[in-house]
Amino acid sequence: MHYLRRTLRWGFAAPEALLDRCFGPAWNPLYHLGALGFFYYWIVVVSGIYLYIFFDTGTTAAYRSVEYITYEQWYLAGVMRSLHRYASDGMVLFMGVHILREFSLDRHRGARWFTWVTGVPILWLIYASGITGYWLVWDKLAQYVAIVTAEWFDYLPIFGDSVARNFLSTEHLDDRFFTLMIFVHIAVPLFLLLVLWLHLQRLSRPRINPARGLAIGTFVTLVALSFILPAESQGPADLARVPAVVKLDWFYLGMYPLLDVFSNGTVWATAGVITLMLSALPWLPPLRRVRPAVVDLDNCNGCGRCVEDCPYVAVSLRIRSDGKPFEHEVVVDPALCVACGICAGACPTSMPFRRASELVPGIDLPQLPMKELRRRLHEASERLKGDGRIIVFGCDEGLGRGVSGPGIVTIGVPCVGMVPPAFLDYALSRHLADGVALLGCGEENCIHRFGLRWTDARLARERDPRLRASVARERILKLWTGPLDRGRAARELASFAERLRQLGPLPAANRPKQREAADA
Amino acid sequence: MPNLLRNALRYLGQAAAYALTAAILGVFSFYPTYQHFPPGLAQVRLSVSHAAARVGECHRLTPEELEQLAPNMRKPFDCPRGRLPLRIDILLDGAVVYHAALPPTGLSGDGPARIYQSFRTEPGRHRLTARLVDSARETGYDYERDEDIDLVAGQNLVIDFQAEAGGFIFR
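All values reported here derive from a predicted model rather than from experimental measurement. (Residues numbered from 1 in each chain as written. Chains lettered and ligands numbered in written order. Predicted model: local features only at pLDDT ≥ 70, side-chain atom pairs only at ≥ 80, totals over all residues.)

Draft legend 1. Representation of the nonpolar core in the model. Among the nonpolar cores identified, the biggest contains 81 residues, and Tyr40(A), Ala87(A), Met91(A), Leu136(A), Val137(A), Ala142(A) and Val145(A) are the most heavily contacted of them. Not counting residues up to four positions away in its chain, the partners in contact with Ala142(A) are Tyr134(A), Trp135(A), Val137(A) and Ala237(A). (Core = buried A, V, L, I, M, F, W, Y, C linked by C-beta atoms within 7 Å. Buried ≥ 20, exposed ≤ 12 C-beta atoms within 10 Å, placed from the backbone. Contact = placed C-beta atoms within 7 Å.)

Structure follows, in structure tokens:
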């Protein structure tokens, strides 16, 4: 499983890098897959509402009304029909890529199981929505889909009478059947919306709208496709004939040919196994075991910055329980915490300058406490020699410690969002390095969602905890890199080292380095 | 690289990405076409959903037997719930293409027996015979239909069964 994930990660890296160049990270479609899925959903809803105005239910009326939509009102209803079709297909396409990419980014295990597992019914609900839509047209494809689906469902011993018998002949088919189908075709997507809402419950600030430019580009593409290749019916259904050749929509109906090859039971078993496998994936080895963030109430005043910054709604505020004169205290839900450390990076008490008391912030990461991070900083400093000395805080999920070179020492962190700006200030003002680099895992592509965004805002002094204005910004380098950017990272670091050499040594430290080391 | 060229390449790249998405959506939404049924053949579809007779006759309870029952359970007849299997034979040009004794559905075996099956055959004139037994009889058939049919390629001929309409219906 690990190797499959790594292979997929590398498989995504090249298109991500290419699209970064074309669209820029903010518009990169691969970073908006879920949001694009939502965007397609809304196109389907709006176009569907318009089509519903003209759609008629009935064995002959359905096809006739769809023909009216397609040809007589081609300029609007016809385009809407095509948009409805292609946006539905787009949902499946982007959902598929979304699933693969989230898996490759290891976003399905540990505390993130809930988002993954709630995604599984979404998969089937989207299929159910699309397939019922094909029945409504009542053309040859609809006939094929209706009969094959009914035969497939008849395998299940849950129906009083055979569903497929409804499609034996025109005499068997009732107009009310279309009324039922349109009800299902509307009800299932509404239920889907409910499950989508559930899907996002354990994410803070979920991205449900793509970047505006990307949305415009996507919509224009769909409209253009609707004019170039309008969706059309495949001739009226005729139950006295076998629909021998059909133009399948492979996004929704790709599984149907299997029903001609394998038995209905085999296909049910396959669908069941796929569903079970997908649902069980978060608990398949290797399991992710992390130690969630811990709160130290003696150092927490309930300011709520960690609550604001947590990407997974794992941190919340509750009424103070220890009698201290603050309104709130912070509490961590271990079931939701992925141990990214962003909360510790947001805590104003993550202050390496502290000497009077032990460096224990209000919220901290047991696997890498702030005190240990400061110790590693000093240790790294000891290993640096010469001019242009650089300490790199490298994201473990990105290039991390893979970047090295003369005069460079890297400290691995779960996410660069864990590194409070005060640590950069500390490293420079205490002369531990001539420059500090932050090596994140990819702009707009942070494995922990907001690590890079919050770091950008903190360094730009737009978000607490802010970098002090007096800190020499030219001695700080941000490098948000993908897995393929090792060469660029090495070049940028070399160039940074050269700039540092030109800048010369830092002003003399206020305190001797050795004393700081002793403090740590 | 000059900015103008870089921007031009960026927009070109974006256009290519959108075009690729459109191509994937447009192509796989319709193609490749799928041959669901072989050309030059016809289909005969058998669909029967019919409840056979009960497995036995109703038995009138004697006063002694009734006395042994709870007062609210004293019905004059005791009827077996289960049904007999449904025997069906389908012959095409004298050759048996389907022969089965279908068990009743339901946990207690009291539901209708069901069959839904398709056969492929060459188009042309055929002799189609459908026979059904829904009782305990040992010989002969309760329902039978024997007819010449003309099939054309791609035709879907349905063998339906409705007891109230007299038995088999060829549509």
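Draft legend 2. Structural context of the sheet that holds strand S7 (residues 408–413) of chain A. All names here are of chain A. An order of S7-S6-S8-S9 is seen for the 4 strands of this open sheet, with the pairing classed as parallel. A single partner strand is all that each edge strand has here, and the edge strands are S7 and strand S9 (476–480). Across the sheet, the axes of successive neighbouring strands diverge by a mean angle of 20 degrees, strand direction being ignored. Of the pairings in the sheet, the one linking strand S8 (residues 435–440) to S9 comprises 5 bridges and is parallel in character. Within S9, the residue paired with alanine 437 across the bridge is leucine 477. (Pairing = 2+ DSSP bridges. Helix = DSSP H or I, 4+ residues; strand = E, 2+ residues; numbered from the N terminus. Axes fitted to C-alpha atoms, helices over the stretch in contact; angles between N-to-C directions.)

Draft legend 3. Broad picture of the sheet that holds strand S9 (residues 143–151) of chain B. Residue and element names in this part refer to chain B. Spatial ordering of the open sheet is given by S6-S5-S8-S9, a layout of 4 strands whose pairing is antiparallel. Of all strands in the sheet, those bounded by a partner on one side alone are strand S6 (95–102) and S9. For this sheet, the mean inter-axis angle between neighbouring strands, taken without regard to orientation, is 15 degrees. As paired strands, strand S8 (residues 124–133) and S9 are joined by 9 bridges and run antiparallel to one another. Within S9, the residue paired with glycine 124 across the bridge is leucine 151.

Draft legend 4. Here's a closer look at the pairing of strand S6 (residues 390–395) of chain A. Residues and elements named next belong to chain A. The buried fraction of S6 is high, at 6 of 6 residues. Of the two faces of S6, both are covered, the one formed by Ile390, Val392 and Gly394 as well as the one formed by Ile391, Phe393 and Cys395. In this structure, S6 lies alongside S7, joined through 6 bridges in parallel fashion. What sits directly across from isoleucine 391, in S7, is valine 409. Note: S6 against S8, 5 bridges, orientation parallel. Bridging across to S8, isoleucine 390 finds its partner in glycine 435.

Draft legend 5. Looking closely at the domain arrangement of chain A. Residues and elements named next belong to chain A. Splitting chain A by domain gives domain 1 (2–6 + 30–283) and domain 2 (294–519). Here domain 1 and domain 2 have C-alpha centroids that lie 46 Å from each other. Listed by partner, the interface residues are 8 residues for domain 1 and 12 residues for domain 2. In terms of residue class, the side of domain 1 that touches domain 2 is made up of 4 nonpolar, 2 polar and 2 charged. (Domains from an automatic or database assignment. Nonpolar A, V, L, I, M, F, W, Y, C, P; charged D, E, K, R; others polar.)

Draft legend 6. Main features of unusual backbone geometry. Geometrically, the link from Asp464(A) to Pro465(A) is a cis peptide bond, its omega value of -10 degrees lying close to zero. Relative to the helices and strands, Pro465(A) resides in the loop between helix H16 (451–459) and S9. In this structure, the amide linkage connecting Tyr31(B) to the following residue, Pro32(B), adopts the cis form with an omega of -5 degrees. By the element assignment, Pro32(B) lies in the loop between helix H1 (3–28) and strand S1 (34–35). A positive phi is found at Asp106(A), a non-glycine position, where the angle reads about 60 degrees. Looking at where Asp106(A) falls in the secondary structure, it is placed in the loop between helix H4 (74–104) and helix H5 (113–137). Assessed through the 17 C-beta atoms surrounding it within 10 Å, Asp106(A) is described here as partly exposed. Positive phi values are uncommon outside glycine, yet Asp93(B) reaches one of about 55 degrees.

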